[in-house]
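So you can see what is in the structure, the chains are spelled out below.
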Amino acid sequence: VMCMPIWQPLAKPISAIKRKMLTLHFLRHGESQLSHLFRGWTDDPLTQNGWQQMQASLDKAAQNGVQFDAVVTSNLQRCQQFAEHITKAHHVPLLILDDLRELNFGDWEGKSGEALFNTQADTLTKFWQTPTQYTPPNGEPISQFAQRIDRATGQIAEFAEQHHFANLLIITHGGVIKYCYIKALQQSLDNILSMPADLGSLHTFELIDNTLLKATG
């Protein structure tokens, strides 16, 4: 894997960096062994079907002319293992960011929605309806998750700026992609769980001077 150990955060704040348009292709990981459970930070591997879901999305994108200069990935294996495979196949650099992890579901990790509904129906329902007001026990508040993804986006922009990259493949999680839609569409954070992000799906955004926009076409 061609990692980029020379990358360091820029001294000046990201808001002060004047950059050209940066295209970010966000690929959600495919099906994993615990896809039927809450497994935000639980480090489960992809299934064979999950691997194929991701490859199919990239194959389709390639047929439509999508290219990328480097790959950025979450450090959880359901993302990182596929990212390492892609960087070797395409001979491009790889940047691994812990901040691209999924939301941490705390005590809900490793449990099914059905089991939680049987024991914590009220809390689970409130979380789905207004996640800014309800956090899973010992979990990560959605506001902190949003700040973490904003920080990761800044790190990605700096990485691209330093190496003059214009197109990046970001391999990450459903919650991260949903939050990107919230930012691009300027919607309330309480709408995050209604945003699209199917397993293995690809979503393209443009980052222009620190403003995230959904790409058309």
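The following paragraphs examine the structure supplied in this document. (Residues numbered from 1 in each chain as written. Predicted model: local features only at pLDDT ≥ 70, side-chain atom pairs only at ≥ 80, totals over all residues. Heavy atoms only, no water.)

## Digging into the packing of aromatic side chains
Next up, step 1: Going through the model one piece at a time under the given rule, you end up with eleven aromatic pairs.
Next up, step 2: Considering the side-chain rings of Phe38 and Trp108, the 5.6 Å spacing of their centres and the 55° angle between planes classify their relative orientation as tilted. Here Phe38, found in the loop between strand 2 (22–28) and helix 1 (48–63), pairs with Trp108, found in the loop between strand 4 (93–97) and helix 3 (113–129); they are 70 residues apart in sequence, far enough to count as distant. Considered together, Phe38 and Trp108 belong to a single accessibility category, that of buried residues.
Next up, step 3: Centre to centre, the rings of Phe145 and Tyr179 are 6.5 Å apart; their planes meet at 70°, and the pair counts as edge-to-face. Taken together, the residues span a long stretch of sequence, with Phe145 in helix 4 (residues 142–163) and Tyr179 in helix 5 (residues 174–185) at a distance of 34 residues.
Next up, step 4: Take Phe145: its relative accessible area is 1%, and that puts it in the buried class.
Next up, step 5: The class for Tyr179 is buried, based on a relative accessible area of 6%. (Phe/Tyr/Trp six-rings, centres within 6.5 Å; stacked < 30°, edge-to-face > 60°. Helix = DSSP H or I, 4+ residues; strand = E, 2+ residues; numbered from the N terminus. Buried < 20%, exposed > 50% of the residue type's maximum accessible area, 1.4 Å probe, protein only.)

## Considering a nonpolar patch on the surface
Next up, step 1: A surface patch of nonpolar side chains, amounting to about 240 Å² of accessible area, comprises Met21, Ile208 and Leu213.
Next up, step 2: Position of Leu213 among the secondary structure elements: in strand 7 (residues 211–214). (Patch = residues over 30% accessible without salt bridge, like charges linked within 9 Å, V, L, I, M, F, W, Y side chains within 5 Å. Areas by Shrake-Rupley, 256 points an atom, 1.4 Å probe, with all protein chains shown as cover. Salt bridge = Lys/Arg side-chain N within 4 Å of Asp/Glu carboxyl O.)

## Thoughts on the packing of helix 1 against helix 2 (residues 77–90)
Next up, step 1: As a packed pair, helix 1 and helix 2 sit with axes 11 Å apart at the nearest point and diverge in direction by 50°. With respect to their mutual orientation, helix 1 and helix 2 come out oblique. The handedness of the crossing between helix 1 and helix 2 is right-handed. Residues Trp51, Met54, Gln55 and Leu58 of helix 1 form the contact with helix 2, whose own contacting residues are Arg78, Gln81, Phe82, His85 and Ile86.
Next up, step 2: Tallied by class, the residues present in the contact of helix 1 with helix 2 amount to five nonpolar, three polar and one charged. (Axes fitted to C-alpha atoms, helices over the stretch in contact; angles between N-to-C directions. Parallel < 35°, antiparallel > 145°, perpendicular 65-115°, else oblique. Left-handed = near helix turned anticlockwise from the far one by under 90°. Contact = heavy atoms within 4.5 Å. Nonpolar A, V, L, I, M, F, W, Y, C, P; charged D, E, K, R; others polar.)

## Concerning the pairing of strand 6 (residues 202–208)
Next up, step 1: Of all seven residues making up strand 6, five are buried, and the element is well covered by its neighbours.
Next up, step 2: Relative to strand 6, strand 2 runs antiparallel, the two being bridged by six bridges. Of the residues in strand 6, the one forming a bridge with His25 is Thr204.
Next up, step 3: By the bridge criterion, four bridges tie strand 6 to strand 7 in an arrangement that is antiparallel. Its bridge partner being in strand 7, Ile208 is matched across the sheet by Thr211.
Next up, step 4: Hairpin connection of strand 6 to strand 7: two residues between the antiparallel strands, including Asp209 at a positive phi of 50°. (Pairing = 2+ DSSP bridges.)

## A few points about the pairing of strand 2
Next up, step 1: Of all seven residues in strand 2, seven are buried; the element is thus mostly enclosed.
Next up, step 2: Side chains of strand 2 alternate between two faces, with Leu22, Leu24, Phe26 and Arg28 and Thr23, His25 and Leu27 buried alike.
Next up, step 3: Across six bridges, the pairing between strand 2 and strand 5 (residues 167–172) is parallel. Of the residues in strand 5, the one forming a bridge with Thr23 is Asn167.

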